[in-house]
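So you can see what is in the structure, the chains are spelled out below.
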Amino acid sequence: MLIITGAGIITVAGLFAVAWAMTPIPDSTQKQATAQGSVIYYRDGKTVLARQGVNRKNVTLDTVPTHVRDAVIAAENRSFYTDNGVSVKDTARAVWSTVSGQQLQGGSTITQQMVRNYYSGLSQERSIMRKFKEILISLKVDRSKSKDWVLEQYLNTIYYGRGANGVQAAAQAYFGKDVGKLSISEGAYLAAVIQQPSRFAAPAGADLDAAKARWRSVIDAMAQTGALTADQAGQQVFPALIKPKNVFELKGQGQVMVDQVKEELNRRGYTDEEINTGGLKIVTTFDKKLMAAAQRAVTSVMPANTPKKVRTGLAAVDPATGEVVAFYGGGKPGQSWDNAFKAKVQAGSTFKAYTLAAALENGVKLSDRFDGNSPMRVASTPIKNSGGASYGQVSLLRATQSSVNTAYVAIGQQIGLDKVVKTAEAAGVPADQLNPHASAATLPLGVASISAVQNASGFGTFANGGIHVEAHVVKSVTDAEGKKETIKPVNATVVSKQAAADTTYALEQVVRGGTGTAARLWDRPAAGKTGTTDASASAWFTGYTPQLSTAVNLFRDDNKTVVVGGSEQYGGSLPAQIWRSFMSEAMEGKPVVEFPEPSDYGYSYNTPQEDQNTDEGDGLSDDFFEDEGDDDWDSDTTETTPIVPDPDQDTGQDGQDGQGGQGGQDTDQGQDQDQGQGQGQGEGQGTDESESTPAVQDTPTG
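Overview of the structure. (Residues numbered from 1 in each chain as written. Predicted model: local features only at pLDDT ≥ 70, side-chain atom pairs only at ≥ 80, totals over all residues. Heavy atoms only, no water.)

A word on the overall build of the chain. Per the secondary structure count, the chain includes 24 helices and 20 strands. Per-residue burial for the chain yields a buried fraction of 56% across its 702 residues. Considering only contacts within the chain whose residues lie at least 6 apart along the sequence, 71% involve residues at least 24 apart. Element-wise, carbon and sulfur atoms account for 50% of the exposed surface of the chain, whose accessible area totals about 28,900 Å². (Helix = DSSP H or I, 4+ residues; strand = E, 2+ residues; numbered from the N terminus. Buried < 20%, exposed > 50% of the residue type's maximum accessible area, 1.4 Å probe, protein only. Contact = heavy atoms within 4.5 Å. Areas by Shrake-Rupley, 256 points an atom, 1.4 Å probe, with all protein chains shown as cover.)

Now the structure itself:
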């Protein structure tokens, strides 16, 4: 009998030795065990904008207070620092529970729990083989790793409820503070939660009583292990828990910001998995104060009874860096689009700025004259100025100030439309938005569609001495190991410094005494351009100081006339007022910087026809756009810009891109009609039942 027993022991020992040799410590960890969510910050790198992915932030053991560590050890494994990584007694009980089908809890040391949750290759199933493998690996880990290393991995791995993985996330979830600032009472509660995280996450009624009892047992255990004195234990009071909240819940413009950040990171080679589990620190270009200023500018200027279908977008870009520092895209919770980045609206006369720059770059001077009479016909395309007004031979400067359509069409014909397209594309307007109109005589008048961000970025080229810096929303990305990548946007010279200076000078006159006087900043120079499309379907004001370029658009998602407060809207009305409101706040306290001197001031004697239209505020409109059934191009004093279709779906019909209603007709020499349909949403207030679509007036006031 003894021989058999001895043989049995030898056999068991041999089997154990074989199993020991064949069960190495896994060389990989479970993805979810080590995954850290990324944190997205405003441009200051300190203010959290949002969190993405797994709610975990790994911390080193020395940042976890001793009393928090003691609480976990007292609650989960009092012999942690003296055992060999396993508890034979508790493991035997757990194995028996599995064999007998009782499925009782228990049987795992801190080391065993860490091994089960940390290393790959160990499932969570209840089986003798899995438990045996867990024991072997735990023994090996205890022999090869320090106790402090094991405890650190455990504290960063364990789930605490409320969506919090690891002790740092738990400290924030339950008490709104970093783990290093937890009190004894709070640390004991987190230790108590480990046993039943779902039940104790937000306890009430009987669950609250159970949570308090469990918490008290942890405090008593800390006294028994010597971590607390009897007096200290007696002084502890059950901690106040903060209200549970979704750390990934975003409000207002938050979701739009995050969407844009993720899209840009994807373009720059970061995968969604890296964003959600890589523990990245992502610093954006968004300025929190300017974001609030953008919202105030829109909501304070737009009347309370603004029809719900009216949409407003605003985007502000730093010309020198290309950073999108602020925007307003509408405030609908959960919306998947916005009026600043996604919505693309016909540019109207704001596009004349690109035509102007192209002309100046190609030998035209501000004093050069062009045919400003109305109507004019190019091939089969009739073009009119606002109200049919004729200017005779008008200088480029005056053509810009008064937004003379016929003169700008003549300019495009003289220098070549390919040069206009080249300039606009180099300034950041995507080719697929320009190409459908590349051969249209009306291209210089703004039949192409553009977003607020693109327009602000494009105008920033002129503020930046003719150099366009790629618009972007990410400043830097730092990985979990501390390696930092600073985003380097693409720069491109669009026009010469002097051409940019001359463009700016002409656009200054628009603000000083042209169609954009409502945008004037009295403490500093500003340059800009209004834009309105047919029947006031939408309106723009885009302008800049040397330090900041901002675009504002106003449109309806059904492409009907934009009527607010009983009045049709033009680029020089509400859009210019919103621009001024935002820029006044954004530039407050900033140094006054002068624009560079132009090479040619454009001074010249007026022709008799020009003299008839020199009064400031003469109501001359910016834009043209043909009314349905009308044979003439109407210089639309109403610069409206219908939203156009996704370029990928452009088959000769320009509908709305993303959010808009039916696009206004864009005859582009009679060939390219805007008839796309799109669904939109926005932020306006009021109802539209009483709305009508007034006819375009020949002599608008904007």
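Don't stop here, the text continues.
Where burial is concerned, most of strand E5 (residues 324–328) is hidden: five out of the five residues are buried. Hairpin connection of strand E4 (residues 310–317) to E5: six residues between the antiparallel strands, including Gly322 at a positive phi of 80°. (Pairing = 2+ DSSP bridges.)

In summary, soluble globular proteins display a tendency toward joint burial of nonpolar side chains. Counting 117 residues, the largest nonpolar core has Phe286, Phe341, Tyr354, Leu396 and Phe582 as its most contacted members. Other than its neighbours up to four places away in sequence, Leu396 contacts Leu356, Leu360, Val364, Lys365, Leu366, Asp368, Phe370, Tyr408 and Ile411. (Core = buried A, V, L, I, M, F, W, Y, C linked by side-chain atoms within 4.5 Å.)

Its boundaries defined by the atoms lining it, the largest pocket holds a volume of some 1,100 Å³. Around the largest pocket, the lining comprises 43 residues; the ones closest to its centre are Val39, Val48, Leu49, Ala50 and Arg51. The set of elements that each furnish at least two residues to the lining of the largest pocket consists of strand E1 (38–41), strand E2 (48–52), helix H8 (167–175), helix H13 (254–267) and helix H15 (288–301). Broken down by class, the residue content of the lining of the largest pocket amounts to 18 nonpolar, 15 polar and 10 charged. (1 Å grid on protein atoms, 1.4 Å probe; cavity = no way out; pocket = protein on both sides within 12 Å on 5 of 7 lines; lining within 4 Å. Points joined across faces, edges and corners; volume = space filled by probe spheres on them. Nonpolar A, V, L, I, M, F, W, Y, C, P; charged D, E, K, R; others polar.)

What links the strands of a sheet is backbone hydrogen bonding, and the strands pair in either a parallel or an antiparallel sense. Strand order in the open sheet made by the five strands is E5-E4-E18-E17-E16, with antiparallel pairing throughout. Across the chains shown, the open sheet's two edge strands, defined by having one partner strand only, are E5 and strand E16 (527–532). The sheet shows a mean angle of 10° between the axes of neighbouring strands, direction not considered. Pairing geometry for strand E17 (residues 538–544) and strand E18 (residues 549–556), over seven bridges, is antiparallel. The partner of Ala539 across the bridge, within E18, is Leu554. Contacts from H15 reach E4 and E5, with the element oriented near 30° to E5. Along the sheet, helix H21 (residues 452–463) makes contact with E4, E5, E16, E17 and E18, crossing E17 at roughly 35°. (Axes fitted to C-alpha atoms, helices over the stretch in contact; angles between N-to-C directions.)

Moving on, we come to the pairing of E18. In terms of residue burial, E18 counts as a mostly covered element, since eight of its eight residues are buried. Residues Ser549, Ala551, Asn553 and Phe555 of E18 are buried on one face, and the alternating residues Thr550, Val552, Leu554 and Arg556, pointing to the opposite face, are buried as well. Bridge count between E4 and E18: eight bridges; the pairing is antiparallel. The residue of E18 that forms the bridge with Ala316 is Thr550. Connecting E17 to the next strand, E18, in antiparallel fashion are four residues.

Here the structure, examined in full by the defined rule, presents 17 salt bridges. The salt bridge involving Glu585 is made with Arg296; its shortest N-O contact spans 2.3 Å. A residue pair is termed long-range when its members are at least 10 positions apart, and Glu585 in helix H23 (residues 574–586) and Arg296 in helix H15 qualify at 289 residues. Using a relative accessible area of 42% as the deciding quantity, one classes Arg296 as partly exposed. Residues Asp558 and Arg556 are paired through a salt bridge, measuring 2.8 Å at the closest nitrogen-oxygen approach. Judged by its relative accessible area of 3%, Arg556 is buried. (Salt bridge = Lys/Arg side-chain N within 4 Å of Asp/Glu carboxyl O.)

For the rest of this paragraph, the subject is the environment of Gln30. With respect to the element layout, Gln30 can be found in the loop between helix H1 (2–21) and helix H2 (31–34). For Gln30, a relative accessible area of 23% gives the class partly exposed. Sequence separation of Gln30 and Tyr119 is 89 residues, and the distance between their C-alpha atoms is 5.4 Å.

So, on to the packing of helix H18 (residues 405–415) against helix H19 (residues 417–426). One way to put it is that H18 packs onto H19 with a least axis distance of 6 Å and a crossing angle of 100°. Overall, the two elements H18 and H19 adopt an arrangement that is roughly perpendicular. The segment H18 lies against H19, with Gly412, Gln413 and Ile415 engaging Leu417, Asp418, Lys419 and Val420. Split into classes, the residues belonging to the contact of H18 with H19 amount to three nonpolar, two polar and two charged. (Parallel < 35°, antiparallel > 145°, perpendicular 65-115°, else oblique.)

One way to put it is that helix H3 (residues 66–76) packs onto helix H11 (residues 206–224) with a least axis distance of 8 Å and a crossing angle of 105°. Between H3 and H11, the angle is such that the two are roughly perpendicular. Contacts from His67, Asp70, Ala71, Ala74, Ala75 and Glu76 in H3 reach Arg214, Val218, Ala221 and Met222 in H11. For the contact of H3 with H11, a count of residues per class yields six nonpolar, one polar and three charged.

We describe a pair of aromatic rings using the distance from one ring centre to the other and the angle between the two ring planes. Using the criterion set out here, one finds 15 aromatic pairs in the structure. Judged by centre distance (6.4 Å) and plane angle (45°), the ring pair of Tyr174 and Phe175 falls under tilted. Classification of Tyr174 as buried rests on a relative accessible area of 0%. Judged by relative accessible area, Phe175 falls into the buried class, the value being 7%. (Phe/Tyr/Trp six-rings, centres within 6.5 Å; stacked < 30°, edge-to-face > 60°.)

With that settled, consider the sheet that holds E1. Read from one edge to the other, the open sheet built from five strands follows the order E2-E1-E3-E13-E14, with strand pairing classed as mixed. At either end of the open sheet lies a strand with only one pairing partner, and these are E2 and strand E14 (484–486). In this sheet, neighbouring strand axes are inclined to one another by 15° on average, regardless of whether the strands run parallel or antiparallel.

Of all the residues in H19, the buried ones are Leu417, Val420, Val421, Thr423 and Ala424. Down the axis of H19, the buried set is contained in an arc of 165°. They therefore lie on one face. Turned more than 90 degrees from where H19 packs its buried face, Asp418 and Lys422 sit exposed. Contact partners of the buried residues in H19: helix H16 (352–361), H18 and helix H20 (431–434). (Arc of directions from axis to C-beta.)

Burial analysis of helix H9 (residues 184–193) places 10 of its 10 residues in the buried class, which makes it a mostly covered element. Buried residues along H9 sit against H3, H8, helix H10 (197–200) and H11.

Further remarks concern the environment of Val256. With respect to the helices, strands and loops of the structure, Val256 is situated in helix H13. Here Val256 falls in the buried class, since its relative accessible area comes to 4%.

This part takes up the environment of Val345. On the secondary structure map, Val345 appears in strand E6 (residues 345–346). The class of Val345 is buried, set by a relative accessible area of 0%. For the pair Val345 and Asn553, spaced 208 residues apart in sequence, the C-alpha to C-alpha distance is 8.0 Å.

Turning our eyes to something else, we now look at the side chain of Thr406. Within the secondary structure, Thr406 is located in helix H18. With relative accessibility at 0%, the residue Thr406 sits in the buried group. Once residues within four sequence positions are removed from consideration, Thr406 is found in contact with Asp371, Gly372, Asn373, Ser374, Met376, Ile383, Lys384 and Asn385.

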